Amino acid sequence: MTAGTPHDWYPLSVSSPPNATAKASAPFPYLGLLSLAGAIFVSVTSEFLPTGLLPAMARDLDVGISTAGYLVTIFAGTVVVATTPLAAVTQRFSRKSLIVVVLLVIALANVLAAVAPTYGVLVAARILGGLAHGLFWAVVAAYSAHLVPAHQLGKAVAITAGGGTAAFVLGVPVGTAIGNALGWRAAFTIIGVVVAVLALVIVKFLPPVNHHVERKAGEVHVPLRRDPSFRGVLLLCTVILILLTGQNTFYTYIAPWLTDVSSFEPGSVALVLFLYGGAGIIGLVGAGYAADRFPRKAFAGVVLVVMAAVLTLALATTNTVVVLIAVIVWGAAFGGIPAMLQTRMLRTASYRTRDLSAALQTTAFNVGIGGGALLGGLLLEGIGLDVLPFVMILLVAVGLGLSLTTDTARDRRERRRLRPA
């Protein structure tokens, strides 16, 4: 192993896919990956659409802003509870077919949300969307690894993760703008239609994959929990959970923070979200490069930049220019983090545990998303919006510390293993 390669952060999968040679010689599947990116775009937009529409939804449904914010928690909580069981019971089904089905269910859930007459009905629609979204990510998170060889994972994940970034660049801000202009119900209706269209794109352009692991003659079945890579997967899931909890403690309530704590007009929130997401493209492009070359230093660096940017905007709330610059830097730095984490997961997990690891990763992400929204809502009610960025910084620092600690411990174990007797 040489310093500066992905090997110094995580091991390549402890087992190789059965079609590794064929994947290495095949052309890079740009169309398939771009269609996956499109599906991720609409799914993530659907998940975070309430973020920019909380004030309007709260007024229309006659609930508090924190209660409206719990829609994100409910959605994410459903994903947490349902993802692993749904992934297990659908293991034998075609990955491509599952993606198409869950996208159609997500489309239906958004239409139901658009026509919901009460908060309770809207909660039911979000639960339905959360069920589909969890299974969607359990399938999609591992799909890139079935399409490309190990040395191209960073590039492939960066392309598909571009869909998530585009959701913050275009999906959520445009949805917010539509909600401000035509009402939040129109925004949910339109995203539902777009999700249905993307399901047709998947049918046309996404190559099917064989995700089943062939057991060799005489090979003894070993429970997944005893797989050598499983401990690393669980540690990484813990890092993901802490980081995402910190991020969403603040980001879920960014719209009211911008208008109530800082001095932005309500009509400018969509533009701020657009700039945040647009900056994320820079981070994503950098992640595609760094995840295949020097992932450890790059990851630590972008997390530190996130912390510095959020601290800056928290200390300069009345200076809209400084806050706007800090939000853009925050978006650029955080934009690459999910792709780095997903690439690390695919390289940490063995081939036989990839689908389970994808489900656990999805669960960790959504525990963080929902837990952050819940924690932010409780802090908002008990203390106020002002404290949210500081809590985010603390949690993100804990996540980074755990990542660095586990990396150091892994390095020591590897050095001891290679030391001559």
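Keep in mind the model is a prediction, meaning the values are calculated, not measured. (Residues numbered from 1 in each chain as written. Predicted model: local features only at pLDDT ≥ 70, side-chain atom pairs only at ≥ 80, totals over all residues. Heavy atoms only, no water.)

Description of the side chain of Arg 95
Tracing the sequence through the fold places Arg 95 in helix H5 (residues 95-115). Within polar-contact distance, the side chain of Arg 95 engages the backbone oxygen of Thr 90 at 2.7 Å. (Helix = DSSP H or I, 4+ residues; strand = E, 2+ residues; numbered from the N terminus. Polar contact = N/O pair within 3.5 Å; in protein donor to acceptor, adjacent residues only side chain to side chain.)

Here we look at the nonpolar core
Residues Ile 99, Leu 103, Phe 136, Phe 250, Trp 257 and Trp 330 are the most contacted members of the largest nonpolar core, which totals 124 residues. Ranked by residue count, the leading element in this core is helix H6 (residues 119-147), at 15 residues. Aside from chain neighbours lying at most four places away, what touches Phe 250 is Trp 257, Val 310, Leu 313, Trp 330, Leu 388, Pro 389 and Met 392. (Core = buried A, V, L, I, M, F, W, Y, C linked by side-chain atoms within 4.5 Å. Buried < 20%, exposed > 50% of the residue type's maximum accessible area, 1.4 Å probe, protein only. Contact = heavy atoms within 4.5 Å.)

Observations concerning the confidence of the model for the protein
Here the protein shows a mean pLDDT of 81. Residues at 70 or above account for 83%. Ranking the elements of the protein by mean pLDDT puts helix H1 (residues 20-25) last with 53 and H5 first with 93. The low-confidence segment residues 1-16, where pLDDT is below 50, has 46 contacts with residues more than four positions distant or belonging to other chains. pLDDT under 50 marks residues 215-221. Its contacts with residues more than four places away, or in other chains, come to three contacts. (pLDDT = per-residue confidence, 0-100.)

Some words on the pattern of salt bridges
For the coordinates displayed, the defined rule picks out one salt bridge. A salt bridge links Arg 185 to Asp 60, with the shortest nitrogen-to-oxygen separation between them at 3.2 Å. Of this pair, Arg 185 sits in helix H8 (residues 184-205) while Asp 60 sits in helix H3 (residues 54-61); the two residues are 125 residues apart in sequence, bridging distant segments of the chain. Among the residues examined, Arg 185 registers a relative accessible area of 26% and is labelled partly exposed. (Salt bridge = Lys/Arg side-chain N within 4 Å of Asp/Glu carboxyl O.)

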